[in-house]
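Reading the structure
Below are the chains, spelled out letter by letter.
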Amino acid sequence: MTLCKGIVLLFLGLFCKVSVAAENSTQVYFFELEIESTAYNETYLSTLSPLNCANWTVSDIIVTANCTVGENSYSTQKNCSCTNEHRWSSDICETHKCCKNENCTLNVIDDAVCLPINTVIINGSTTFPSLNYGDLYDQNNKQTEKYDEIIKNITNELKSNFSTLPWFDSLVITGFRKGSLIVDYTVQVLSFFNINQLQNITGNLQSKLIIKGLVTINIANQQPVDIGTTATVTCTKQDDLGAVTWSLTNAQNKTTVITNGTEASLSSNNLSDTVTLSNISAVWKGLFTCEYTKWSIKLTASEPLDIALLPDIQGSSDPQFPDCTDQNQNVHVVIQCAILNNSENYTVSWNSSANLYDLTQQQTEYKEDKIYYKAEATIKCGDGNESLSTTCTFRNIRSQTKKNSSMTVDIPIIKSNSSFCVKQDDWPKTKGNYTAVLPCDNAAVGNRIKKCNNTIWQEEISNCVDPNLNKLYNDILKIGKGLGFIIENADSFFKRLQISTTFESIKAFANIDATVQILESMNSVSEVQSHQWNDTIVPDFVSAISNILNDTKYWKQTSNDNATSLSIKYLQSVENMMNNSNLSPTSSVNRSNVALKVCNSSDCNFFNVSVKTEQNVTVVVVAFRKLATNLPQTLNNKSVESEGIILSVTEVNGTDSTYLKMNFSDGQIRKHNHQMFCVYWDENQKEWSSDGCTWGGANNPTLCTCTHNSAFTIMMSKTAESLPYMEELTYVGLGISVVSLVLCILIEIMVWDTVVKSNISNFRHIALVNISVCLLFAYCAFLASAKPEQILPNWCMILTVVKQFCFLAAFFWMLCLSFVLLHQLIFVFEKLRKRVYLALSITVGYACPLLCVAVTVIQFGNGMEGEYFSKDTCWLVYQSTLKGSLFAFILPVGTVVVLNMFALFVVITKIATPTVSEAKARDEKDVAKSIIKTIVLLSPILGITWILGFFVFTLDLTQKPYAQIVNYAFTILNSLQGFFILFSNCFGEKKVREALLKRFRAKKSVNFTSESSTKVTSLVKK
């Protein structure tokens, strides 16, 4: 900058553009022009033509300062002021303390230099490939002989380029760097210019430029700004410079990019860009910078934002619950208000209840990152106060409107009539129905609380969060507010999360809850910033969500709570992250509790679960162990259970219409007659739903097919399937059978002498009577155990023995009867002796069942409950295939029924195959009728209908409708077996009917004869 002085009358600072013809460069000079005050005209300079000289031209003359000298010709001072858009130079500011454009008194001989407010500073670096660092400095870092010459040449070359800018003022080299030779320099231009004018310069020179001054920045708020209010930061540019990048540099000199968030909103309008801050927090205190990039040029502007902070206060008292059980004593209490340490200088005041005496502020303590303000006071127990309070108020005098932040500390007092909980470990003596609060251990963030319920301590609740998790959560919240991009921090965030979840401290509800909140927050920020998760985060992500499933008992805050709410948040967080992911087809990670894999139409297998999709459909599958037990165990208000795998399925292209086949190994442990449900988690209803999902059935119990994506699992009903009215049908049928069997036995007694005339009839009717008696006792025992819950275990065991023995005895007598039929048909000419038959029948009919029952009781724990019999049913126990005492009944009965069916088959074959002499005389219809009649008459007495029991046992009630049909048929036919025996073997046998009719007619005839004799006797007497 060159200063040319003239004659001093009135001083005008002038910008003069001087052109050097050869280089077309410019230089700014300052002229002092003296004019008589009476001759001065403001419009004169604007109409002044350029002053042309031999090799330069003076133009664009601008007044920068106005000065007046006193009327006294001997005056040594002048009063000067800068014109609009100008300010005093740094020399004037330093020497005369005039720094803006205020009036300034100078000496007459002083230069009144005012510079434009919009001075442009260009910080540049240019690479000179033809030069080396060694050309300037030797190995000892001393200047070489060519140093001055090289510096002069470099300076001239740089100036020859930059001096073509209008209002070019100066260029100063600031340093050198290695890399051929890189020259750093600063250029000052005293007014705005068009950015396009730099394009040629950067083209001529291998330069990178950072320009300050072409872009202006303004904070439209009076500073400092109150916390919780709004602030607006605007950058204005002269030309269209493209997109802006905002950043904030905090007190630790850390620079972070600003983006849209919960507290920051970015907007653009023509030649201005704005950051609008709402509900402003302490994170925004720092230097705001807007940056534009065009070609290799960066244009920046910066402005600090100061925020008047107010603290978050944590209040407590020591003791928490002053003990005033002795009304004659005084208790000293210390009240403490703690805040985070920051640069603000607060004024702290205390205000207390009327009966809190001698309140005195104590010395402030500094511990780690906190400041503790304390006050001491006295409680007079004789005042009889139940509770007192103290308020600490922090005042920030820098604030404009929100000047105060307060915390009231309540002090409950234990009186002589108060209930309380005694001191327990580090928990203090606590007043009844109040909650004691203690700080966390091991630098954890939060507190521990424990409620005193009258005189009984409740379970401790810990809200202590691991400091690493808390720091990570706050870092994510900061990005959510608008400070930084999640994509730049994702890998480090997930690594930090993975490391934090490996510590033993993760085994706490507060830390698991914090981990889930971190997942929610990261995904929420990612969605706002339109970022999708990629493969790089998957290993740490899967490890972290697997680690917190290691022990699910910590998912409950107290033992009486359930883990449903936290588990739902966890599952939804993972699903949301997968919906917001863009993973490669080969992505696959397997950890102990969680596995993630990208699957196509081929089978995906992990944790004994497989997933198969439609052709050309790719899904992301996440499998969870241990999570199912924490989620609701209900479906449509029906109690279900699941301890298996949960599959979260997300289609890669984001649609929700794929067809899935899933095989869950848990389906193999399904209990007999228990319905399995293929379900998914309905996020809207917050419950399991089976809509769109189908179970493979009893024949394929592991298969689930679904027509949409979600979180899937397979569940089993806690109760077995039941058939409506089955008990009613059973008991009505048994009641009818009991009456029928009693009638059958009575009829046999009545007609025995008439009907039993031969050995064959004797054999048949003996078997009939014994079958009827055994079934009668069995049915009575069955009815007696209709309400097992009301029966003592010993009686339940006795009834089980009676039922097993009587039913087996009945079937073995049925076997004896079928043996008689077979012998009669096969050995026609050999008579079966009565003594042999009776001995064989009694042995088979009673000795064999007795032996079976005895062996069963001994084998199964000597009749122990749960092994031999079930208390819930008063019947034998079924454990699994061929396991359990029930098979000691099923196998003998099944054998008898098969043999009896063979006997029936032989009988039917004999009927259907007539002898040669009968062949022509018999009609096919008669044969068919005979066969039907034989089946009807023999089936009940031979127990053929029990063959349905095989199908009842093998068919699952979930196999609808076949199982229902078979079960109803089995129940109806066998509960009415006694009735069918009466119908077929008593009323259905002609000899029995005739014997009954004959007996009833004889009784009627006797009654009639007696009545006639009575009447004759009466007449004679008359």
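Look up: the structure comes first, before these words.
Residues numbered from 1 in each chain as written. Predicted model: local features only at pLDDT ≥ 70, side-chain atom pairs only at ≥ 80, totals over all residues. Heavy atoms only, no water.

1. Some details on the state of the cysteines
Put simply, the rule is: Disulfides are defined in this document as cysteine sulfur pairs within 2.5 Å. Secondary structure counts use DSSP, requiring at least four H or I residues in a row for a helix and at least two E residues in a row for a strand, with both numbered from the N terminus. Burial classes follow relative accessibility: with a 1.4 Å probe on protein chains only, a residue under 20% of its type's maximum area counts as buried, one over 50% as exposed, and anything between as partly exposed.
The full count for this structure, using the stated rule, is 13 disulfides. The partner cysteine of Cys-440 in its disulfide is Cys-464, sulfur to sulfur 2.0 Å. Sign of the S-S torsion, about -95° for the bond between Cys-440 and Cys-464, identifies this disulfide as left-handed. In this pair, Cys-440 is assigned in the loop between strand 37 (434-439) and strand 38 (447-453) and Cys-464 in the loop between strand 40 (461-462) and helix 4 (467-481), connecting sequence segments 24 residues apart. Side by side, Cys-440 and Cys-464 carry an identical accessibility label, which is buried. With its sulfur 1.9 Å from that of its partner, Cys-599 forms a disulfide with Cys-604. Between Cys-599 and Cys-604, the S-S torsion sits near -110°, and that sign places the bridge as left-handed. When sorted by exposure, Cys-599 lands in the same class as Cys-604, which is buried. Summary of cysteine pairing: Cys-848 is not part of a disulfide, and the nearest cysteine sulfur, belonging to Cys-852, is at 6.7 Å. On the basis of relative accessible area, Cys-852 is assigned to the partly exposed category, the value being 24%.

2. Structural notes on the packing of aromatic side chains
What counts here: Centre distance within 6.5 Å is the pairing criterion for rings of Phe, Tyr and Trp, where only the six-membered ring of Trp is used; planes under 30 degrees apart are then read as stacked, over 60 as edge-to-face, and the remainder as tilted.
Throughout the structure, instances matching the rule amount to 27 aromatic pairs. Geometrically, the ring pair formed by Tyr-779 and Phe-807 is edge-to-face, given 6.1 Å between the ring centres and 65° between the ring planes. Here Tyr-779, found in helix 10 (residues 759-784), pairs with Phe-807, found in helix 11 (residues 793-826); they are 28 residues apart in sequence, far enough to count as distant. For Phe-807, a relative accessible area of 6% corresponds to the buried category. Geometrically, the ring pair formed by Trp-813 and Tyr-846 is edge-to-face, given 5.6 Å between the ring centres and 70° between the ring planes. Residue Trp-813 is located in helix 11, and its partner Tyr-846 is located in helix 12 (residues 834-859); the two are separated by 33 residues in the primary sequence. Chaining the aromatic ring pairs together yields one cluster made of Tyr-779, Phe-807, Phe-811, Trp-875, Phe-889, Trp-946 and Phe-970.

3. Considerations on the pairing of strand 23 (residues 297-305)
Applicable threshold: Pairing between strands is defined by DSSP: at least two bridges between the two strands are required.
Bridge count between strand 14 (residues 206-212) and strand 23: 4 bridges; the pairing is parallel. Bridging from a neighbouring strand, Leu-209 pairs with Ile-297 of strand 23. By the bridge criterion, 9 bridges tie strand 22 (residues 286-294) to strand 23 in an arrangement that is antiparallel. Counted as the bridge partner of Thr-293 is Lys-298 from strand 23. With antiparallel pairing between neighbouring strands as the criterion, strand 22 and strand 23 make up a hairpin whose turn holds 2 residues, including Trp-295 at a positive phi of roughly 60°.

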